[in-house]
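# A structural walkthrough
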Amino acid sequence: LRSSFPDAVVRQQVTIASKDGRELKTDIILSSRGGIFLIHCKNYLGKIRGAMASDYRKGELWTCQTPSDQIVGIPSEGKNPAQEAVDNVSLLREAASPAWFSRETSRIRSLLVFPDGTDLSDVAGLPVSPAKPSPDHIIAALSFSELYPYIANAEGDISEEKTLRLIDALPISR
């Protein structure tokens, strides 16, 4: 990602604590002219089944049917991966609000990124494989090869200097 977006700020294995003790955990945070992207790398290859509305407390798990037809539950911390991603956007907006303007916080997006070859056709309630971010959606599910064009197609005008200030203002634990 750093070589594809040389003007972006990229941090890996990020944990951000909120004021009330909740934690945002993401594999990658990328801040570029087009926005701030929380990238959650999912290592499941096969057919993914799940929905934004899946309730993990009721046993409605996201699953992956592997190429060998094994059904594997996608673990999560009490919520499904899409709900966790939405919560992470809310936590980041809350943590960032003193340093950022509402225009920048509206450009925070959470991406569930799966290996190329993963079938996402049974993921419901969130955009799957969109070509670019939409103002109406804060989350999307993509394959790895769709990630670069999605970020590259994001419209925005956040300067490199502002991007650095925004990321440096976050309470990031490493």
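Quick summary incoming for the structure in this document. (Residues numbered from 1 in each chain as written. Predicted model: local features only at pLDDT ≥ 70, side-chain atom pairs only at ≥ 80, totals over all residues. Heavy atoms only, no water.)

### A few points about the sheet that holds strand 5 (residues 63–65)
Pairing within the open sheet is mixed, and its four strands lie in the order 6-5-4-8. In the strand order of this sheet, the two ends are held by strand 6 (71–73) and strand 8 (119–124), each with one partner. Recorded for the sheet is a direction-independent mean angle of 20 degrees between the axes of neighbouring strands. As defined by bridge partners, strand 4 (residues 47–51) adjoins strand 5 across three bridges and the pair is classed as antiparallel. Within strand 5, the residue paired with K47 across the bridge is Q65. (Pairing = 2+ DSSP bridges. Helix = DSSP H or I, 4+ residues; strand = E, 2+ residues; numbered from the N terminus. Axes fitted to C-alpha atoms, helices over the stretch in contact; angles between N-to-C directions.)

### Re the state of the cysteines
A full pass over the atoms with the stated rule returns zero disulfides. A disulfide-free cysteine, C41 has its sulfur positioned 15 Å from the sulfur of C64, the nearest such atom. Its relative accessible area of 42% is what places C41 among the partly exposed residues. (Disulfide = S-S within 2.5 Å. Buried < 20%, exposed > 50% of the residue type's maximum accessible area, 1.4 Å probe, protein only.)

### A look at helix 1 (residues 81–96)
Taking 1.5 Å as the rise per residue, helix 1 with 16 residues should run 22 Å; its terminal C-alpha atoms sit 22 Å apart, in good agreement. If you check which residues of helix 1 are buried, you get P81, A82, A85, V86, N88, V89, L91, L92 and A96. Capping the start of helix 1 is the job of one residue whose side-chain oxygen sits 2.8 Å from the backbone nitrogen of A82: N80. (Expected span 1.5 Å × (residues − 1). Polar contact = N/O pair within 3.5 Å; in protein donor to acceptor, adjacent residues only side chain to side chain.)

### Overview of the packing of aromatic side chains
Scanning the model with the defined rule gives two aromatic pairs in all. Centre to centre, the rings of F5 and Y148 are 5.0 Å apart; their planes meet at 35 degrees, and the pair counts as tilted. With a gap of 143 residues between them, F5 in the segment before strand 1 (9–17) and Y148 in helix 3 (residues 144–152) connect regions that are remote in the sequence. Judged by its relative accessible area of 11%, F5 falls in the buried class. (Phe/Tyr/Trp six-rings, centres within 6.5 Å; stacked < 30°, edge-to-face > 60°.)

### Points about the environment of L91
Within the element layout of this structure, L91 appears in helix 1. Residue classification places L91 among the buried residues on the basis of a relative accessible area of 7%. Sequence-distant contacts of L91, defined by excluding residues within four places in its chain, comprise S18, R22, E23 and L24. (Contact = heavy atoms within 4.5 Å.)

### Regarding the environment of K162
Mapped onto the secondary structure, K162 falls in helix 4 (residues 160–168). Sequence separation between K162 and S32 is 130 residues, and the spatial gap between their C-alpha atoms is 9.5 Å.

### Some points on unusual backbone geometry
Even without a glycine there, the phi angle at Q13 is positive, about 50 degrees. Note on placement: Q13 falls in strand 1. Exposure remark for Q13: the relative accessible area of 56% places this residue in the exposed category. Not every positive phi belongs to a glycine, and S129 is a case in point at roughly 55 degrees. On the secondary structure map, S129 appears in the loop between strand 8 and strand 9 (139–143).

### With respect to helix 4
Within the span of helix 4, buried status applies to K162, T163, L166 and I167. Looking straight down helix 4, one finds that the buried residues subtend no more than 130 degrees of arc, so they occupy a single side. Opposite the buried face of helix 4, at more than 90 degrees from it, the exposed residues are E161, R165 and D168. (Arc of directions from axis to C-beta.)

So far we have only geometry, and geometry alone does not tell us how the molecule works.
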